[in-house]
Amino acid sequence: MVIFALLIGRVHMGIITITCFLALLFNLFLLPNITRRNLEREIDQITGFSPGLVLYPAVLCLLSIIFFQQPIFLVISWGIMAFGDGFANLIGRYWGKHPVLWNKRKTWEGCLGFITFATFLTLLLLSFLPNSLRFDTSWIHWFWIILGASLFAALWESIPGIIDDNLIVPLSGGFSAYYLYQAIHNGSLVLPDKLFLYLLTALLLSAFSVLTNKITFPGAAIGGMITFILMIAFGWIGLLMMFSFFILGTAVSIWKKHEKRRMGVEEENKGKRSYPNVLANAGVATLVSILAITFSKNTELYQILMAASFAAALSDTVSSELGNIYGSKFINILSLQKGVRGEDGSVSWEGSIGGVMASLGMGSLYFIFQADVQAFLIIFMAGIAGNMTDSILGASLQKKGFMNNHTVNFFSILFAVLFAFALHHLFTK
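Residues numbered from 1 in each chain as written. Predicted model: local features only at pLDDT ≥ 70, side-chain atom pairs only at ≥ 80, totals over all residues. Heavy atoms only, no water.

## Thoughts on the pairing of strand β2 (residues 103-107)
Piece 1. Here 2 bridges tie strand β1 (residues 99-100) to β2, and the two strands are oriented antiparallel to one another. The residue of β2 that forms the bridge with Pro99 is Thr107.
Piece 2. In this structure, the hairpin formed by β1 and β2 is closed by a connection of 2 residues. (Pairing = 2+ DSSP bridges. Helix = DSSP H or I, 4+ residues; strand = E, 2+ residues; numbered from the N terminus.)

Put into structure tokens, the structure is as follows:
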């Protein structure tokens, strides 16, 4: 399908969008009848179709709309998905011998193949397209942009529990390429004077969390890096929001842990956090912080989005933990049928009220230091929206095995941030 990318810049973008949409309809309604007997994965045989065959044209259609005026980023997304993912699977299958630390099913050889072929073949793909697509930007700049986007996409591709490579690879590749382009041409990087103090604070907090046995060493190391980035972007309020989430989230996780263990709903590893927990709950805040560091003119907006991400993370943690202890009646958030305590997508009134109060608390904490009523409302509502999204994803994609708990947490928090961004745009319009 990548051959159709050569039409970009030569035909109207509307035709590209329509072509991707027609491919989606074909793969959704006609192709399953042809390939039903040849489906390899068990989950594909159960559903009767391969999610990848649907997501491939669907995400291209979406990106063709998003980058309608800047189609070069659609080309980059397309190239990274077609070349990077394909060669990663090929090289990993035949030559992969060294698994990456976070996923035994992925190898360093496969990741290197992904980055190498995605970078150079996507760059080659660009060379066949009209020069007008490149915005008069030099080839060396596009090389670094595509290399950075390929690195980011390869990282996402290697993380276990992602719904499908055909979704996450082009999205992460396209948006990271757009970010890098904007950073090169419109960035306003400013580092604070208290850089050493922030670094020392992050190191001390990481050491403290390890000594108190609340987090593993890898988790503390990642957490320390994230804390440092948050403080560079937002100063002490960044530390305050993350520290508040960590303390309150840990507190509700260990609350009545013996009773949770008896009921079979205790968190894995006895509630002790590790790096997947840190990345799932603070990864979105980290991405927002990087944007704030790069584009310092919009720091106030990014600060609200950062607070909204922690409001969503805490709201989900509190509602789950307190619901498991105090919940008297559970329902499935999608079917509204009777649910089971501790089951993905099962919610209770007691847990939901706890989640609302947690979101309210994070919004209030932000208001104490910033005295911004509008920001308080945005953070409060975004936290609740993220919590509800977590339950919906848990009842659907996670329950069907397409996502795990960590990726559900990450994407529900990401939705909360996008929801907060939409609210901010609406309120300030």
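## Details of the nonpolar core
Piece 1. Core analysis: the largest hydrophobic core is formed by 99 residues, its most contacted members being Ile8, Phe234 and Phe310.
Piece 2. Ranked by residues supplied to this core, first place goes to helix α13 (residues 299-326) with 13 residues.
Piece 3. Excluding anything up to four places from it in sequence, Phe234 contacts Val288, Ser289, Ala292, Thr299, Tyr302, Gln303 and Met306. (Core = buried A, V, L, I, M, F, W, Y, C linked by side-chain atoms within 4.5 Å. Buried < 20%, exposed > 50% of the residue type's maximum accessible area, 1.4 Å probe, protein only. Contact = heavy atoms within 4.5 Å.)

## Observations regarding the environment of Phe402
Piece 1. Tracing the backbone shows Phe402 in the loop between α15 (373-398) and α16 (405-428).
Piece 2. As for Phe402 and Asp164, which are separated by 238 residues in sequence, their C-alpha atoms are 7.6 Å apart.

## Details of helix α5 (residues 108-127)
Piece 1. Helix length check: α5 (20 residues) gives 29 Å between terminal C-alpha atoms against 28 Å at 1.5 Å per residue, within 8%.
Piece 2. Along α5, the residues that are buried comprise Gly110, Cys111, Gly113, Phe114, Ile115, Ala118, Thr119, Thr122, Leu123, Leu125 and Leu126. (Expected span 1.5 Å × (residues − 1).)

## Focus on the packing of aromatic side chains
Piece 1. Within the structure shown, the criterion is met by 23 aromatic pairs.
Piece 2. Residues Tyr198 and Trp236 carry aromatic rings whose centres are separated by 5.4 Å and whose planes lie at 85° to one another, so their mutual orientation is edge-to-face. Residue Tyr198 is found in helix α8 (residues 195-211), and its partner Trp236 is found in helix α10 (residues 236-254); the two are separated by 38 residues along the sequence.
Piece 3. Tyr198 gets classed as buried once you look at its relative accessible area, which sits at 7%.
Piece 4. For Trp236, a relative accessible area of 39% translates into the label partly exposed.
Piece 5. Clustering of aromatic rings is evident, with ring pairs tying together Phe67, Phe73, Phe135, Trp142, Phe175, Tyr178 and Tyr181. (Phe/Tyr/Trp six-rings, centres within 6.5 Å; stacked < 30°, edge-to-face > 60°.)

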